[in-house]
Amino acid sequence: MTNTTPPSGEPVHDAVTAPLTSADAGRPLVHLARVNKHFGPLHVLQNIDLSVAKGEVVVVIGPSGSGKSTLCRAINRLETIDDGVIELDGKALPQEGKALARLRSDVGMVFQSFNLFAHKSILENVTLGPIKVRKLSKKQATAEAMELLERVGVATQAEKMPAQLSGGQQQRVAIARALAMRPKVMLFDEPTSALDPEMVNEVLDVMVSLAKEGMTMIVVTHEMGFARKAADRVVFMADGQIVEQADPESFFTNPQSERARDFLGKILTH
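Residues numbered from 1 in each chain as written. Predicted model: local features only at pLDDT ≥ 70, side-chain atom pairs only at ≥ 80, totals over all residues. Heavy atoms only, no water.

Here the focus is the packing of aromatic side chains. The geometry of two aromatic rings is summed up by the distance between their centres and the angle between their planes. Scanning the model with the defined rule gives 3 aromatic pairs in all. For the pair F236 and F251, a centre-to-centre distance of 6.0 Å together with 35° between the ring planes defines the contact as tilted. With F236 in strand β9 (residues 233-238) and F251 in helix α8 (residues 248-253), the pair connects residues that are 15 residues apart, well separated along the chain. A single burial state applies to F236 and to F251, both of which are buried. (Phe/Tyr/Trp six-rings, centres within 6.5 Å; stacked < 30°, edge-to-face > 60°. Helix = DSSP H or I, 4+ residues; strand = E, 2+ residues; numbered from the N terminus. Buried < 20%, exposed > 50% of the residue type's maximum accessible area, 1.4 Å probe, protein only.)

Within a sheet, adjacent strands bond to each other through the backbone by hydrogen bonds, running parallel or antiparallel. Across the sheet, which stays open at both edges, the 6 strands sit in the order β6-β7-β8-β3-β9-β10 with mixed pairing between neighbours. One side of each edge strand has no neighbouring strand; the edge strands of this open sheet are β6 (107-110) and β10 (241-246). Neighbour-to-neighbour, the strand axes of the sheet open up by a mean angle of 20°, direction not taken into account. Bridge count for strand β3 (residues 57-61) against β9 is 4 bridges, and the pairing is parallel. (Pairing = 2+ DSSP bridges. Axes fitted to C-alpha atoms, helices over the stretch in contact; angles between N-to-C directions.)

Space inside the largest pocket adds up to approximately 560 Å³. Together, 22 residues line the largest pocket, and R104, V107, M109, R177 and M181 are the ones closest to its centre. If you list the elements that add at least two residues to the lining of the largest pocket, you get α2 (97-106), β6, α3 (122-132) and α5 (167-179). With 6 residues, α3 is the largest single contributor of residues to the lining of the largest pocket. Within the lining of the largest pocket, the residues separate by chemical class into 13 nonpolar, 6 polar and 3 charged. (1 Å grid on protein atoms, 1.4 Å probe; cavity = no way out; pocket = protein on both sides within 12 Å on 5 of 7 lines; lining within 4 Å. Points joined across faces, edges and corners; volume = space filled by probe spheres on them. Nonpolar A, V, L, I, M, F, W, Y, C, P; charged D, E, K, R; others polar.)

Relative to the helices and strands, T127 resides in helix α3. On the basis of relative accessible area, T127 is assigned to the buried category, the value being 8%. Considered as a pair, T127 and Q140 are 13 residues apart in the sequence and their alpha carbons are 9.2 Å apart. Those residues in contact with T127 that lie beyond four places of it in its chain are A141, T142 and A145. (Contact = heavy atoms within 4.5 Å.)

Here we come to the sheet that holds strand β5 (residues 91-92). The strand order β2-β1-β4-β5 describes an open sheet built from 4 strands, whose pairing is antiparallel. Whereas interior strands pair on both sides, the edge strands pair on one side only; in this sheet they are β2 (42-52) and β5. Pairing analysis gives 5 bridges linking strand β1 (residues 30-39) to strand β4 (residues 83-88), with the strands arranged antiparallel. Each bridged residue has a counterpart across the sheet, and for H31 the counterpart in β4 is E87.

One non-glycine residue with positive phi stands out, namely D89, at about 55°. Turning to its location among the elements, D89 is positioned in the loop between β4 and β5.

Within α2, burial applies to L100, L103 and S105. Lining the buried residues of α2 we find β4 and β6.

What follows is the structure in structure tokens.
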């Protein structure tokens, strides 16, 4: 993804593009090696190896219960792992404390449920993190927040409360809130699955534009159209394992595993 200008022609926010240095040019931005996770007797992540380059869009798909969301949540330690290594920008994930808080500010997360603060306005939701964590002045945080809300198409809703917005609008605010922290990578965990069908595209359109601008993204989704359109790589998971991964064209037209063929056969024929 090399285009760095959004469709509106407006300049890209600092959150999206940053120049590669010689030190990180050959290093993955996100790296998982031999990662395992159990929930009791259930082995939900089994020796996961995955690397994501800066600017790459990786879409993770697979049947329910395959470990996709657990993988996504492990990358910023919302889920702890039993063993293995997860690195962000060459550094292992901290266990806890201030180092973990700093790491989380580098990893934007958009959930299935919008997780907005119900008692704060849309603008306050987006400015809270930059003021509290990045120590921006209220004036600067507000200016950046309004730019991001404009970018996701909800600037006119800035003074409203979350309950006054549709689900699609709330999810776009959640994306703006994550971007306000200027993350190095964005994680999306089923970001459209709680939305009414007519609201899905308005969120996916924002995500497609982010992909085009060069944001590093790991997206867990059932939206195969988004995977075809925006992914650099599709990762197919089943039963806690990465079964196969390929570029979208190769994966959707010629899946290599019987498990992937069966999965695609069921979802693409309805």
